[in-house]
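What the coordinates show
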Amino acid sequence: MPGLAAKSPPDAPPLRISLPEPTPSIPPRTPNKRIPSPSPSRSKPSPARSAKKPPPDSPIFDDSSLDNPDLGPFLLKLARDTIASGEGPNKALDYAIRATKSFERCQVEGEPSLDLVMSLHVLAAIYCSLGRFEEAVPVLERAIQVPDTSRGPDHALAAFSGHMQLGDTYSMLGQVEKSIRCYEEGLEIQIQALGETDPRVGETCRYLAEAHVQAMQFDKAEELCKKTLDIHRAHSEPASLEEAADRRLMALICEATGDYEAALEHLVLASMAMIATGQENEVAAIDVSIGNIYMSLCRFDEAVFSYQKALTVFKSSKGDNHPSVASVFVRLADLYHRTGKLRDSKSYCENALRIYTKPVPGTTAEEIASGLTEISAIYESVDEPEEALKLLQKAMKLLEDKLGQQSTIAGIEARMGVMFYMVGKYEEARASFESAVTKLRTSGERKSAFFGVVLNQMGLACVQLFKIDEATELFEESKRILEQECGPCHQDTLGVYSNLAATYDAMGRVEDAIQILENVLKLREEKLGTANPDFEDERSRLAELLKEAGRTRNRKAKSLENLIDPKSRKTKKESTKRWGFRR
């Protein structure tokens, strides 16, 4: 998802085939893939079995034998044993397909078969292990249609597991909206079966909250996280590990919405719980998050103290070259950059890059890519776009063959587009933005504020390439999204208004341009005040347009060169800034 990522997301485990096991009640969710979040409680895939069984023989069955009711369970067992033996998923896939066909043929009409559901779940898990997620989707859609939840907890479990597994599969495909919808349906089934206050419902609520965070839907995430916190406080000891995990997630939500004091309170309480249980490394990770909050509050000395505490623990427990150490170096580099200590900032960047260049065994590509992306932002802010671009390209290369990273890759491509734009490579900028936009549309983030900003950036690149019609369409879509997500008074929305007015003027749509600028000035005068330096610029633009609107028949078309870089065509009679596009 992508979308917002935690500062230091936990490692994403390698995909493994996690075969469903029948249980007497609905358990907390055990997904095949974790969405990055600060919560350490995310369930992990079932560990691979250490003792490998000898590979089973490969019996050959013709289709007529699939009518035997004993064949389905036998084939399903063969599929499980093949996976456990490490022989490879392709043979297991063949067994699972045949088992599913057998269960379908032997199913009694009107009687939902839980054996068929189990077989479909196993088949989908094997497809996912092979990276064939598109083929897993119809299998799981079939699986969730079979159980009848009115028939008791076993059917409820089957329906719940199917919805959650389908949600995970959509997540790996980058289809965030569909993924969340499946999780919500699974949660409803679990609540109907167990009640709203069961601890396992709390675990699912937290999982769904984390998915909403990835989709930047913070209001829904906060609501679910509060519910999870209430459930765990009712069923657990005070300052439990479950409550600590909930508070860390709540802190991330509060930080994302700008409520830094509340975020700090949740992190301090989570840290106290971790200290009480001797979780030294977790305390250090929380110290990093506390440092981030202090930095947002401009309490830089306290931020340095928190980062240094975490750095000491990580070095002593994990070694000087661990990626956790590098992540703290990056935070310190950002802090010293903000406080104007550029030499210290550069030193910490170089220390972090040294670790990321020669990573210790066990370091994931996602960790390295995240670190490189953060360092690139620092280089960008010190006006070194070429170096920032190199780091982003390295991050892209690390993630390009990783599953479920579409949103992250889209974010990096958008950043690369900005870098290309800054160095004057407008074709490359447009291509990067276009690729990012395509991924964000596919992943279901086409309604997010971030998507609106990317559309605006792509529109600017199109203007530089004299593709005014395309730029106008992009600005119009960006305007609709940002008005909905941020409101008309937000600076990003006002910037798009200005850009759209410029393109309308270039196309000869003077009345539309006048209408937009009048609206912008009205918003600034009534709600934002006139002290903003853009106010005078926009007022002079509007005055000139209104003056020329009275002689539209003789009005000369504006030069696109003048629209893109107004300073390049100033004359003695034209001393005011004509147009400017805003990023």
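Everything numeric here is computed off the predicted structure, so don't read it as measured data. Counting of residues starts from 1 at the beginning of each chain's written sequence and follows it residue by residue. This being a predicted model, a pLDDT of at least 70 is required before a residue's local features are given, and a value of 80 or more before pairs of side-chain atoms are given or counted; all residues contribute to the totals for chains, interfaces and linings. Hydrogens and waters are ignored; side-chain quantities use all the structure's heavy atoms.

1. Side note on the overall build of the protein chain
- Strands are runs of DSSP state E lasting at least 2 residues, helices are runs of H or I lasting at least 4, and numbering of each runs from the N terminus. Within the protein chain one finds 24 helices and zero strands.
- Burial statistics for the protein chain: of 583 residues in total, 50% are counted as buried.
- In this description, accessible areas are obtained by the Shrake-Rupley approach with a 1.4 Å probe, and a residue is regarded as covered only by the protein chains that are shown. Just so you have it, the protein chain exposes about 27000 Å², and 49% of that area is on carbon and sulfur atoms. Each residue is assigned to one of three classes by its accessible area relative to the maximum for its type, calculated with a 1.4 Å probe on protein chains only: buried under 20%, partly exposed between the two thresholds, exposed over 50%.

2. Describing the side chain of Thr493
- Along the chain, Thr493 turns up in helix 21 (residues 491-506).
- Residues count as neighbours in contact if any of their non-hydrogen atoms are within 4.5 Å of one another. Sequence-distant contacts of Thr493, that is, excluding residues within four places in its chain, are made with Leu482, Glu483, Cys486, Gly487 and Pro488.

3. Topic: the packing of helix 11 (residues 280-296) against helix 12 (residues 300-318)
- Two elements in contact, helix 11 and helix 12, have axes separated by 8 Å at closest approach and are oriented at 155 degrees. Considering the angle they form, helix 11 stands roughly antiparallel to helix 12. The hand of the helix 11/helix 12 crossing is left-handed. Touching Glu280, Asn281, Ala284, Ala285, Asp287, Val288, Ile290, Gly291, Asn292, Tyr294 and Met295 of helix 11 are Phe300, Glu302, Ala303, Ser306, Tyr307, Lys309, Ala310, Val313, Phe314, Ser317 and Lys318, all from helix 12. Interaxial angles span 0 to 180 degrees and are taken between N-to-C directions of axes, which are lines fitted to C-alpha atoms, for helices over the stretch in contact. Relative orientations are named as follows: roughly parallel for angles under 35 degrees, roughly antiparallel for angles over 145 degrees, roughly perpendicular for angles from 65 to 115 degrees, and oblique for any other angle. Crossing chirality is assigned from the near helix's rotation relative to the far helix, an anticlockwise turn below a right angle marking it left-handed and a clockwise turn marking it right-handed.

4. Things to note about the pattern of salt bridges
- Salt bridge criterion: a side-chain nitrogen from Lys or Arg within 4 Å of a carboxyl oxygen from Asp or Glu. Evaluated as defined, the whole model comprises 25 salt bridges.
- For the salt bridge of Asp94 with Arg98, the shortest nitrogen-to-oxygen distance reads 3.6 Å. On the criterion of helical spacing, the pair formed by Asp94 and Arg98 is a turn pair, its members being four residues apart in helix 2 (residues 89-106).
- Arg98 gets classed as partly exposed once you look at its relative accessible area, which sits at 22%.
- A salt bridge links Arg331 to Glu374, with the nearest nitrogen and oxygen atoms 2.8 Å apart. One end of the pair, Arg331, is in helix 13 (residues 323-338); the other, Glu374, is in helix 15 (residues 365-381), with 43 residues separating them in the sequence.
- Of the residues examined, Glu374 reaches a relative accessible area of 22% and is grouped as partly exposed.
- A network of salt bridges, in which partner residues are shared, links Arg331, Asp334, Arg338 and Glu374.

5. Notes on the environment of Arg233
- Along the chain, the position of Arg233 falls in helix 8 (residues 218-235).
- Separated by 34 residues in sequence, Arg233 and Pro199 place their C-alpha atoms 9.8 Å apart.

6. Remarks on the packing of helix 13 against helix 15
- Two numbers describe how helix 13 lies on helix 15: the axes approach to 10 Å, and their chain directions differ by 15 degrees. In terms of orientation, helix 13 lies roughly parallel with respect to helix 15. You can see that helix 13 and helix 15 cross each other, and the crossing is left-handed. Here Pro323, Val330, Arg331, Ala333, Asp334 and His337 of helix 13 come into contact with helix 15, specifically with Glu367, Gly371, Glu374, Ile375, Ile378 and Ser381.

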